[in-house]
Amino acid sequence: MLQPAFPFKQILDQLPEGGLLLTPTNRLRNRCQQVYGTWQQANKNWAPPAVESLQGWLDKLWFQLQQRQWQPAMCRVLNREQRQLLWQGCVEDSLDKGLINTQQLAANCDTALAQLIQWRLLDNLDQADSALARHWEKTGLQPADYPLFAVLPKFHQQLRAHNAITQDQRDLLIARAFGEGVLEELPQLALAGFVQNSPLTEHIFSCAAQRIESFTIPEKTQSALQVARCHNLEDELTQAARWAAEKLQQNPDTSIGIVVNNLGQCRPQVEQIFARVLEPQWLDPTQPAYTLPFNFSAGTPLAKTPVGAATLQLLETLRDKFDYSQLRNLLFSPFWGDNSAPEQHLRSALFRRLQKLELQEVPGNILRNWAEKLAQELAPESPLPAQLNQLGDWARRWQRAPAEIWAQRFSELLTRLGWPGQRNPDSQEYQQLVLWEQALENFAGLSEFTGALPLAKALQLLRQIASRTPFQAETRDGPLQILGVLEAGGLAFNHIRLVGFGQQQWPTPPSPNPMLPVLWQKEWKMPRASAERELELARQLTRDLLNASDDIVVSYASEEDGVGQMLSALFDSNGEAQVQNSDALSHLYQTLTDAPELEHITDTTLPPLSPEDCAQVRGGAGVLKAQALCPQNAQLRYRLGAEAFSEPALGLSAAERGNLIHEMLAAFWLQCKSSQQLAAMATVQRDLQITSAIDTAIAKLKRKHPELPEAFWQLEQIRLRDIFEQWLPLEQTRPEFTVSQVESELTVTLQGLTFTLRLDRMDTLIEGEELVIDYKTGQTSVADWLQPRVREPQLPLYALFQPQAKAIAFGVVRNGDCKYQGCGELADQISGIRTVADSQKDKDPEIIQWDQLKQHWQQALEGLAEEYKTGHAALIFDRAADNENQKALWPLNRWPERQ
């Protein structure tokens with residue numbers, strides 16, 4: 001069993017009645033109580049030992065003073081969040097906050113005041129100026145040089161207005177209570193595990209007890225220190241986990257300490273690596289959740305736990321605007337809704353539908369509208385639409401309110417939404433739920449200090465509280481302890497490994513408080529004030545760590561932030577640690593690697609399409625294009641629905657800008673039916689017609705982007721008019737034509753597959769010929785129609801089913817490059833539309849006539865349709881670039897694994 005490093009039993013035996021053993025941390029106090037319990041007989045009652053942590057003891061003393069109604073103690077002690085709010089308000093009232101991070105400045109002021117009180121430079125805030133005057137004279141500086149002293153009078157005034165004090169002022173009063181005899185003096189205080197105490201803490205000790213005795217950790221004479229040089233922190237942690245696994249395999253009842261420098265900053269990485277090495281089954285998503293069997297001294301912020309993060313996201317719905325990552329987490333959260341198939345199908349369909357909109361933010365009204373539409377079709381019994389409507393109603397009605405009212409509203413919202421879901425929470429989730437209720441209570445306690453809050457500020461404060469509330473899962477007492485440097489103090493282990501002790505990390509670099517003169521901090525050896533002070537502290541902590549076990553390994557990363565480093569000079573090594581090359585999981589990987597090579601069977605065929613699938617092929621001509629580029633990707637996209645959505649961007653996407661041009665031209669030619677009508681238009685009438693077409697196009701897209709300002713749409717109008725005026729001369733110089741179809745649909749059947757096609761435009765020429773036009777704003781190539789596998793099948797497919805069609809053409813509508821690009825047989829030539837023979841690069845082309853080209857298209861498109869129908873899914877690409885352009889499908893077609 002894990003033991004204290006100091007002589008605990010000896011201390012208790014010599015402690016007089018009424019004496020007390022104090023420890024610096026709750027962890028060490030708890031360990032002492034557990035060890036004491038093992039000494040007692042099982043069937044007898046026994047009183048707990050006289051052991052307290054420093055903070056626990058001070059809390060009890062303060063409670064006693066309030067119970068006795070000692071007048072100076074009849075006030076409240078502010079917690080961290082309450083002090084932060086008071087400081088922020090005072091900073092904003094006292095200083096120009098134009099370029100100031102008031103939140104950080106307030107936190108620095110709070111720490112600085114605590115240091116002044118703990119170092120006994122300030123006993124009374126009313127006399128701050130006179131108490132510090134002689135210290136200012138030493139520095140040659142003035143109080144006006146430091147924002148703290150401009151803010152401090154207002155902060156003191158706020159404390160008096162709320163009848164409140166800080167925790168450090170409370171400690172001053174406790175010392176005063178001992179001095180005045182209000183608190184009874186102890187016969188002895190035994191201090192164990194302390195490294196450095198503030199002057200105020202030492203003063204409390206001297207006032208509280210007749211006799212004070214400090215116990216240090218005995219020196220180890222036989223300890224063996226080994227050094228492990230690693231590549232980086234990940235390598236250090238992996239080596240440490242494998243080392244611990246080996247020790248546990250040798251003796252499951254041994255005690256092992258893993259002391260990680262800066263554990264709070266890298267805890268997730270530590271947990272992942274130790275779980276991978278020691279508990280690989282914990283990473284299996286099919287494994288029921290359980291708490292890892294090793295103890296961490298550092299907790300996880302409640303806001304980053306599954307329950308805390310999901311709950312905060314659920315409350316964020318009151319903003320009534322959602323980004324896609326937030327919406328995904330929300331809709332598929334296990335803490336909201338049920339796991340029934342209809343409900344999950346509805347939420348999945350809703351998210352896919354909203355993704356297709358490609359919005360920068362999804363407004364609440366659009367979310368609610370689509371939820372209602374899809375629920376009627378997919379899950380009529382789903383509570384989701386009603387819940388979203390209720391959220392929308394709350395978002396409109398809930399305005400400014402005190403924190404206490406917001407806490408009630410948040411609780412009501414969570415209850416009405418069925419939080420935390422229908423399944424039973426596991427042990428850790430239940431503990432997180434309990435901690436969440438405490439965080440909400442702490443938030444409600446801020447009402448007196450906040451006044452009426454808008455929603456955004458209320459959510460911000462609640463998130464701050466959740467981020468500062470540590471969650472520590474309750475675990476059984478196991479042999480492996482993962483600790484920070486301070487938490488490891490005073491504990492003894494059979495084996496101990498120190499991680500992260502390179503010369504750049506140990507001693508820790510100084511970081512003096514910017515709210516106090518550095519000369520003061522150095523003179524009085526305040527925390528993080530100077531390299532000398534940090535070196536002194538590091539030496540004491542290093543000595544205690546080296547005396548905590550007979551078997552010690554210290555490791556360091558040979559490179560930190562791109563700079564090579566050595567082991568901290570505070571360690572004197574006499575040996576090199578053995579490198580741990582494998583663990584259970586890596587051994588499994590190696591076994592799989594060394595296993596006989598599996599036989600590879602090429603399977604390039606999916607099941608053929610069913611008659612129902614053939615009756616209406618989803619995707620139109622895009623199916624044949626995808627089949628031409630890569631058969632397997634075509635099957636994945638159009639049969640299995642593997643569709644990648646564009647990332648939302650500021651403003652309009654390239655596709656939306658292209659659609660604007662399509663809509664503008666369609667609106668114009670719906671009004672202007674022929675070249676004769678165009679020629680007959682007066683300039684003013686034509687300008688009005690163009691403006692109307694542009695307004696019609698923009699109006700459709702404007703509803704999708706309500707967040708874009710009017711000035712943005714005015715710029716779009718200018719851009720569209722400029723492009724239209726570049727395009728219009730091409731139409732004016734053409735032979736006579738009539739626009740017979742605009743944005744029309746055509747249903748065709750090819751090899752038993754029925755496609756629905758959408759045509760941009762069809763013109764009827766003077767000789768009765770028809771010209772099929774497809775507007776394009778990107779790059780185009782007529783050669784794509786002439787390949788054995790037709791890469792752009794839409795226009796050729798139209799031409800096959802329009803007997804009078806004698807030419808097809810791309811209408812290239814690009815700023816600075818407007819033109820027709822096509823081929824065919826027309827009586828009156830159009831600039832950019834060549835004959836079939838002239839469209840090919842070969843000197844002696846095989847296809848020289850329109851009918852021959854249509855026959856080629858017939859054969860090629862029927863071949864592509866037959867491939868798709870029969871499930872042909874070979875992973876081959878018509879061109880190498882086709883693979884690069886479809887990287888989103890690599891996780892499914894596993895192209896990288898085939899190389």
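Report on the accompanying structure. Position numbers for residues start from 1 in each chain and track the written sequence from start to end. Residues qualify for local features only when their pLDDT is at least 70, as the model is predicted, and side-chain atom pairs are given and counted only at 80 or more; totals for whole chains, interfaces and linings, by contrast, use all residues. Side-chain measures were taken over the full set of non-hydrogen atoms in the model, leaving aside hydrogen atoms and water.

Broken down by element type, the protein carries 35 helices and 26 strands. For the radius of gyration, the atom set is restricted to C-alpha positions; the globular benchmark scales as 2.2 Å times the number of residues to the power 0.38. Relative to a compact globule of 899 residues, whose C-alpha radius of gyration would be 29 Å, the protein shows 38 Å and is clearly more extended. Each of the three principal axes of the protein carries a C-alpha extent, and together these read 120 × 70 × 60 Å. Classification of residues uses two cut-offs on accessible area relative to the type maximum, computed with a 1.4 Å probe and protein chains only: under 20% is buried, over 50% is exposed, and between them is partly exposed. Taken across its 899 residues, the protein has 50% of its residues classed as buried. Any pair of residues with heavy atoms lying within 4.5 Å of one another is described as a contacting pair. In the protein, of all internal contacts separated by at least 6 residues, the share reaching a separation of at least 24 is 74%. Surface accessibility follows the Shrake-Rupley procedure with a 1.4 Å probe radius. Residue values consider only the protein chains on display as shielding. Roughly 44,200 Å² of accessible area belongs to the protein as shown, and the carbon and sulfur atoms make up 48% of that amount. Computed over 83 positive and 108 negative side-chain charges, the inter-centroid distance for the protein is 3 Å. Working definition: helices are DSSP H or I runs of at least four residues, strands are E runs of at least two. Numbering for both runs from the N terminus. Residues scored as positive are Lys and Arg, those scored as negative are Asp and Glu, and His as well as the terminal groups of each chain are ignored. In this description, the location of a charge corresponds to atom NZ of lysine, CZ of arginine, CG of aspartate or CD of glutamate.

Below, the discussion takes up helix 7 (residues 147–161). For helix 7, which comprises 15 residues, the first-to-last C-alpha distance of 22 Å matches the rise-based estimate of 21 Å (1.5 Å per residue) to within 8%. Its axis deflected by about 30° at Pro153, helix 7 carries its strongest bend there. Inspection of helix 7 places Leu148, Phe149, Val151, Leu152, Phe155, His156 and Leu159 among the buried residues, and these make up the whole buried set. Of the surrounding secondary structure, the elements contacted by the buried residues of helix 7 are helix 4 (80–94), helix 5 (102–118), helix 6 (128–139), strand 5 (164–165), helix 8 (167–179) and helix 21 (518–523). Just downstream of helix 7 lies Asn163, where phi reads positive at about 50°. Expected helix span is taken as 1.5 Å per residue step, with the number of steps being one fewer than the number of residues. The quantity called bend is, for any residue, the angle between two axes fitted respectively to the seven residues ending at it and the seven beginning at it.

Right, let's get into the state of the cysteines. The term disulfide is used for any two cysteine sulfur atoms that are within 2.5 Å. By the definition in use, this model includes zero disulfides. With no disulfide of its own, Cys75 has Cys90 as its nearest cysteine by sulfur position, at a separation of 17 Å.

Read across the sheet, six strands follow the order 21-22-23-24-25-26 without closing on themselves; strand pairing throughout is mixed. Each edge of the sheet is formed by a strand with only one pairing partner; in this case those strands are strand 21 (737–750) and strand 26 (833–834). Pairing between strand 22 (residues 753–765) and strand 23 (residues 770–776): four bridges, direction antiparallel. Along strand 23, the bridge assignment pairs Thr764 with Glu770. Sitting on the sheet, helix 27 (residues 654–671) is in contact with strand 21, strand 22 and strand 23, with an inclination near 120° to strand 21. For two strands to pair, DSSP has to find at least two bridges joining them. Angles run from 0 to 180 degrees between N-to-C directions of axes, and those axes are lines fitted to C-alpha atoms, restricted for helices to the stretch in contact.

Let us now look at a nonpolar patch on the surface. Like charges within 9 Å and nonpolar side chains (Val, Leu, Ile, Met, Phe, Trp, Tyr) within 5 Å are joined into patches, using only residues over 30% in relative accessible area that form no salt bridge. For this document, the term salt bridge refers to a Lys or Arg side-chain nitrogen within 4 Å of an Asp or Glu carboxyl oxygen. On the surface, a cluster of nonpolar side chains totalling about 330 Å² of accessible area is made up of Leu588, Tyr589 and Leu592. Residue position: Leu588 is located in helix 23 (residues 584–594). A relative accessible area of 42% places Leu588 in the partly exposed class.

Okay, the sheet that holds strand 8 (residues 224–230) next. In space, the six strands of this open sheet follow the order 8-18-17-9-15-10, with parallel pairing throughout. Strands at the two margins of the open sheet, each flanked by one partner only, are strand 8 and strand 10 (295–296). In this structure, strand 8 lies alongside strand 18 (residues 551–557), joined through seven bridges in parallel fashion. Within strand 18, the position partnered with Gln226 by the bridge is Val553. Lying over the sheet, helix 10 (residues 233–250) contacts strand 8, strand 9 (256–260), strand 15 (480–483), strand 17 (495–499) and strand 18, oriented at roughly 175° with respect to strand 17.

Within the fold, Glu361 resides in the loop between helix 14 (341–357) and strand 13 (362–363). When the C-alpha positions of Glu361 and Gln741 are compared, they lie 36 Å apart, and in sequence the two are 380 residues distant. Excluding residues that lie within four positions of it along the chain, Glu361 makes contacts with Lys321 and Phe322.

Omega for the bond connecting Trp419 with Pro420 falls within 30 degrees of zero, at 5°, which places this linkage in the cis form. Following the sequence through the fold, Pro420 ends up in the loop between helix 17 (403–416) and helix 18 (427–444). In this model, Trp506 is joined to Pro507 through a cis peptide bond whose omega is 0°. By the secondary structure assignment, Pro507 is in the loop between strand 17 and helix 21. Of note in the backbone geometry, Asn262 takes a positive phi value of approximately 60° without being a glycine. Examined against the element boundaries, Asn262 turns out to sit in the loop between strand 9 and helix 11 (263–278). Given the relative accessible area of 38%, Asn262 is considered partly exposed. Of note, the phi angle at Asp320 is positive, near 65°, even though the residue is not glycine. As for its placement among the helices and strands, Asp320 is situated in the loop between helix 12 (306–315) and strand 12 (321–322).

The next point concerns the environment of Ala642. By the secondary structure assignment, Ala642 is in the loop between helix 26 (631–639) and helix 27. Separated by 250 residues in sequence, Ala642 and Leu892 place their C-alpha atoms 8.4 Å apart. Non-local contacts of Ala642, meaning those with residues more than four positions away in its chain, are made with Leu636, Arg637, Leu889 and Leu892.

This part takes up the pattern of salt bridges. Here the idea is simple: oppositely charged side chains can pair when their charged atoms come close. If you walk through the whole model with that rule in mind, you get 47 salt bridges. The closest approach of N and O atoms between Glu271 and Arg267, which form a salt bridge, is 3.5 Å. Of the two residues, Glu271 and Arg267 are both situated in helix 11; the distance of four residues between them amounts to about one turn of the helix. With its nearest N and O atoms 2.8 Å apart, the salt bridge here joins Arg347 to Glu343. Here Arg347 pairs with Glu343, and both are found in helix 14, just four residues apart, close to one helical turn. Accessibility classification places Arg347 together with Glu343 in one group, the buried group. Residues participating in the shared-partner salt-bridge network are Asp784, Arg791, Asp878, Arg879 and Asp882.

Moving on, we come to the environment of Asn163. Looking at the element boundaries, Asn163 is found in the loop between helix 7 and strand 5. The exposure class assigned to Asn163 is partly exposed, which follows from its relative accessible area of 45%. For the pair Asn163 and Val77, spaced 86 residues apart in the sequence, the C-alpha separation amounts to 9.1 Å. Apart from residues no more than four positions distant in its own chain, Asn163 is found in contact with Met74, Cys75 and Arg76.

Residues belong to a common nonpolar core when they are buried Ala, Val, Leu, Ile, Met, Phe, Trp, Tyr or Cys residues joined through side-chain atoms within 4.5 Å. Ranked by internal contacts, the top residues of the largest apolar core, which has 124 residues, are Trp57, Phe410 and Phe443. Core analysis: the second largest hydrophobic core is formed by 43 residues, Leu609, Val772, Val790 and Leu797 among them.

Two aromatic rings, drawn from Phe, Tyr or Trp (for Trp, its six-membered ring), form a pair once their centres lie within 6.5 Å of each other, and the interplanar angle then sorts them: stacked below 30 degrees, edge-to-face above 60, tilted otherwise. On inspection of all chains with the given rule, the structure shows 29 aromatic pairs. Taking 4.9 Å as the distance between ring centres and 15° as the angle between the ring planes, the aromatic pair formed by Trp394 and Trp398 counts as stacked. Looking at Trp398, the relative accessible area reads 9%, which means it is buried. Three or more aromatic residues joined by ring pairs make a cluster, and in this case those are Trp136, Tyr146, Phe149, Trp520 and Trp524. For the cation-ring pair, Lys9 lies above Trp39, with the distance from its terminal atom to the ring centre recorded as 6.0 Å. Geometrically, a lysine NZ or arginine CZ counts as sitting over a ring once it is within 6 Å of the ring centre and also within 35 degrees of the ring normal. Over the face of the ring belonging to Trp336 we find Arg347, whose NZ or CZ atom lies 4.5 Å from the ring centre.

This part is about the side chain of Gln390. With respect to the element layout, Gln390 can be found in helix 16 (residues 384–397). Pairs of N or O atoms within 3.5 Å make up the polar contacts considered here, provided that, within protein, one atom can donate a hydrogen while the other can accept it, and that residues adjacent in sequence are counted only when both atoms are side-chain atoms. In terms of polar contacts, Gln390 uses its side chain to reach the side chain of Arg416, at 2.6 Å. The contact partners of Gln390, leaving out residues within four places of it in the chain, are Arg397 and Arg416.

You can see Thr166 is positioned in the loop between strand 5 and helix 8. Ignoring anything within four residues of it in the chain, the contact list for Thr166 reads Val77, Arg83, Ile117, Phe155 and Leu159.

Glancing now at a positive patch on the surface. Together, Arg352, Lys356, Arg618 and Arg637 give the surface a local cluster of positive charge. Mapping Arg618 onto the fold places it in the loop between helix 24 (611–615) and helix 25 (621–629).

It is worth stressing that arrangement in space is one thing and function is another; only the former is reported here.
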